[in-house]
Every structure is written in structure tokens, then in C-alpha cells.
Amino acid sequence: MSTTLIQTDADVGADEPDAPQSRAVEPTGRWDTVRAAARRHRLALRILGRVLLLVPVLFVISILVFLLGKASPGDPIKASLHGVLSPDAVADLQQAYGLNDGLVAQYLDWVSSLFTAGGGRSIINGSNVFDTLGTAFVNTLILTAAAVFVSVVFGVLIGTVAALNHNRFVDRAIMLLVQIGSNLSVYWFGLILIWLFALQWKVLPATGMRDLAGDGGAADLVHHLILPAFSAALISMLILARFARAGVIESLESDYIRTVRSQGLPQWRILTKHVGRNVAPIIVTTTGLEIGTLLSGAVFVEFVFSWPGVGTDLMNAISAHDYPVIQGGVMLVTVVFVLVNLVTDVIADLLDPRLRS
């Protein structure tokens with residue numbers, strides 16, 4: 001008699017070895033764990049790297065600024081006080097300012113004075129450099145901030161209008177004016193603004209920061225700020241207009257925007273919510289790069305409009321061979337420029353969806 005053996009699935013599973021279970025692959029080594037953590041915290045590590053990079057950058061900048069002050073021919077004490085003080089008094093000043101020390105010792109003393117002694121002492125008036133430049137530097141920051149505001153608002157507006165009329169007469173006319181304006185001098189443009197708005201039409205003041213007759217408050221400050229702000233912002237505004245135009249055109253021609261437009265959304269919502277989100281990183285990055293142009297342009301603008309900023313003080317210090325003020329002013333402006341670029345890069349990283357994901 002034949003016997004039929006029937007095995008159930010449970011019996012088969014009991015006789016066979018356990019099948020491998022599917023599970024997520026985990027890092028097997030120390031470096032795999034480090035790489036996995038770096039991928040998870042890529043944005044934070046990128047920002048930390050930018051902050052740490054400031055140390056060598058500022059170190060190199062301090063050396064260049066120090067050597068720039070030493071590159072001027074002659075002794076600054078003798079050049080500025082020759083015939084005013086006796087030779088013994090001049091020798092005492094040279095000893096007090098450490099001009100008889102070695103180059104490395106002078107550099108270390110100057111760097112130390114940036115943190116402990118207010119940037120050193122002015123040769124002309126003997127006061128601390130940062131005290132001398134303090135109020136003037138605040139005035140320069142006010143002018144630069146106004147120029148940044150003008151650059152961003154009008155640059156984006158001009159670029160957007162040109163992009164919305166792409167390949168039409170309005171677009172061609174705007175880009176022609178942008179091309180012409182990009183080749184103008186900030187100094188010359190400031191003189192043209194003074195001639196038109198202050199001398200011909202008499203609607204805006206030509207020079208100064210406030211009226212001498214009295215303090216008109218914020219309104220008086222803004223009244224005096226309009227012409228120098230537009231003059232300083234000219235080149236940066238036109239550069240931003242070009243980038244904004246290119247970014248808006250590229251975004252409007254993308255498949256994503258075509259899909260959004262097919263859903264019946266109004267044009268203003270497409271521009272503000274979808275196109276603006278794509279163009280914002282470009283605008284932020286370009287604005288940060290243009291801060292240096294605005295700061296350097298503010299020096300010439302302050303001279304044209306008699307704006308009491310650090311540019312005016314630097315011009316006076318150069319004329320008087322007051323090299324501690326020159327070094328302190330240049331270092332102050334450079335540090336602000338580097339910090340603004342750092343903030344701009346961090347904001348651009350935060351706006352980048354690839355780093356946030």
C-alpha cells in the first residue's frame with residue numbers, strides 16, 4: 001500500500017533555514033556613518049564652513065591693508081608734521097607710533113590696536129581711529145543701505161517689466177537704456193543729478209546730509225538722501241535689472257510655469273509666488289556681490305554731494321598722510337563687505353531647495 005506524504009507550508013518553513021529578511025542597509029563603517037551624517041546636515045556644515053573661512057580671509061586682508069599703508073613713500077610723521085614740530089618732537093612721535101620697530105612688530109601692534117585701542121591713534125589729532133571714523137561710518141552705512149534699497153527695488157522692477165515685454169519695443173528700449181547707463185561714471189551721473197534736480201528744477205538739495213537751519217528729522221534726512229542714493233546705486237541697479245530680466249524670462253518659459261498658468265492662476269500671483277521664488281536666490285546673490293561696488297562708489301558719491309561719510313574722512317586722511325586713519329577706514333569698510341557677503345551667501349544657501357531637502 002502506498003503512503004502519500006503531505007507537507008504543509010509550515011513544515012517546509014520549519015525544515016528549511018530562515019530566509020533573509022529585507023531591511024534597510026545601514027552604514028557598516030565609521031566613514032559611512034560620517035558621510036551619512038554629512039548628507040543629513042549638509043546645509044549646516046556649508047554655513048559653518050563659510051564662517052570658518054572668514055578667519056584666513058580676514059588675516060590676508062589685514063596684511064594687505066597694513067602693507068598698503070606702508071607702501072606710501074616717506075615717513076608719515078615727517079610728511080604730516082614737517083615744520084610744525086621740532087625734530088626731537090617728531091622723533092618722539094615716531095617712537096610712540098612704533099615706526100622704528102620692525103615690520104612684523106608694527107603689524108602685530110596694529111592688529112592688536114584694532115581690538116584693544118580703537119584702531120590706533122590719528123597722527124593729526126591724536127584721537128582713536130574708530131572714534132574719528134565712527135559717526136562718518138554710520139553715515140556711510142546709511143547711504144549704502146539706501147543705495148541697496150534703490151538697486152533692488154528699481155533693478156527688479158526694470159528687469160521684470162522688460163521680461164514681461166520680451167522681444168517687444170519696451171524690452172528693447174529698456175535694454176538700450178541699461179546698456180548706456182552701465183557705461184556711465186557714478187561721479188558724472190551725480191553731477192548730472194545735481195544739475196537737474198537741484199539747480200534746474202530746485203526740488204532736491206544738492207549737498208549735505210541735513211539742513212543747517214534746523215533738524216527736520218527723518219524726512220529731512222530722506223530728502224537729502226535721494227540724489228546720492230540714486231547716484232551710488234546706478235551701476236548695481238542696472239546689473240540687477242539684467243539678472244532679473246534673464247531670471248524672469250527663464251522662469252516664465254519653463255514647463256512648470258506653463259502648467260501653473262494652465263490652471264488659471266492670475267498673472268500677479270504667478271509672478272509673486274512662483275516666478276519670484278525662482279528668481280530670489282539670483283537677486284540675493286547678485287545684491288551681495290554688488291555691496292562692494294556700492295561701498296566703493298559711496299566714496300566718490302560722498303565727495304560729490306558733500307556727504308559726511310567715511311569716504312570724506314579717508315580723502316582728508318590721504319591728503320594729510322594720516323596713515324592710521326587710512327588703514328583703519330579701509331579695514332573697517334573691508335570687514336563690513338566680507339560680513340555682508342557672508343550673510344548673503346548664507347541667505348542664498350537657505351533659499352536653495354537642494355540644500356534644504
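Look up a bit, the structure's there.
What you see is a predicted model; the values in this text were computed from it and never measured. (Residues numbered from 1 in each chain as written. Predicted model: local features only at pLDDT ≥ 70, side-chain atom pairs only at ≥ 80, totals over all residues. Heavy atoms only, no water.)

A. Fine view of the overall build of the protein. The number of helices and strands found in the protein is 16 helices and zero strands. Relative to its 357 residues, the protein shows a buried fraction of 37%. Intrachain contacts of the protein at a sequence separation of at least 6 include 72% that bridge at least 24 residues. Accessible surface for the protein amounts to roughly 21,300 Å². Of this, 65% is attributable to carbon and sulfur atoms. (Helix = DSSP H or I, 4+ residues; strand = E, 2+ residues; numbered from the N terminus. Buried < 20%, exposed > 50% of the residue type's maximum accessible area, 1.4 Å probe, protein only. Contact = heavy atoms within 4.5 Å. Areas by Shrake-Rupley, 256 points an atom, 1.4 Å probe, with all protein chains shown as cover.)

B. Spatial organisation of the side chain of Ser 236. If you trace the backbone, Ser 236 turns up in helix α11 (residues 217-252). Assessed through its relative accessible area of 1%, Ser 236 is described here as buried.

C. Looking closely at the packing of aromatic side chains. Summed over the entire model, instances satisfying the criterion amount to four aromatic pairs. Between Phe 66 and Tyr 107 the ring centres are 5.5 Å apart and the planes differ by 70°, which places this aromatic pair in the edge-to-face class. Here Phe 66, found in helix α4 (residues 54-70), pairs with Tyr 107, found in helix α7 (residues 103-116); they are 41 residues apart in sequence, far enough to count as distant. Take Tyr 107: its relative accessible area is 13%, and that puts it in the buried class. A ring pair is formed by Phe 197 and Trp 201, whose centres lie 5.1 Å apart and whose planes are at 90°; its orientation type is edge-to-face. By relative accessible area, Trp 201 is classed as exposed at 52%. Put simply, the rings of Phe 66, Tyr 107 and Trp 110 touch in pairs and so form one group of aromatic residues. Lying over the aromatic face of Tyr 97, Arg 121 brings its terminal NZ or CZ to 5.1 Å of the ring centre. (Phe/Tyr/Trp six-rings, centres within 6.5 Å; stacked < 30°, edge-to-face > 60°. Lys NZ or Arg CZ within 6 Å of the ring centre and 35° of its normal.)

D. Just unusual backbone geometry, in detail. Residues other than glycine seldom take positive phi values, yet Asn 167 does so here, at roughly 65°. Examined against the element boundaries, Asn 167 turns out to sit in the loop between α8 (129-164) and α9 (169-182). Its identity is not glycine, yet Lys 202 carries a phi of approximately 55°, on the positive side. Structurally, Lys 202 can be placed in the loop between α10 (186-200) and α11.

E. A look at the pattern of salt bridges. Within this structure, the stated rule accounts for three salt bridges. With its nearest N and O atoms 2.9 Å apart, the salt bridge here joins Arg 245 to Asp 171. You can see Arg 245 sitting in helix α11 and its partner Asp 171 sitting in helix α9, a full 74 residues away along the chain. No difference in accessibility class separates Arg 245 from Asp 171, as the two residues are buried. The shortest N-O distance in the salt bridge between Arg 258 and Asp 255 comes to 2.9 Å. One end of the pair is Arg 258 and the other is Asp 255, both in helix α12 (residues 255-262) and three residues apart, which spans about a single turn. You can call Arg 258 partly exposed: its relative accessible area is 45%. (Salt bridge = Lys/Arg side-chain N within 4 Å of Asp/Glu carboxyl O.)

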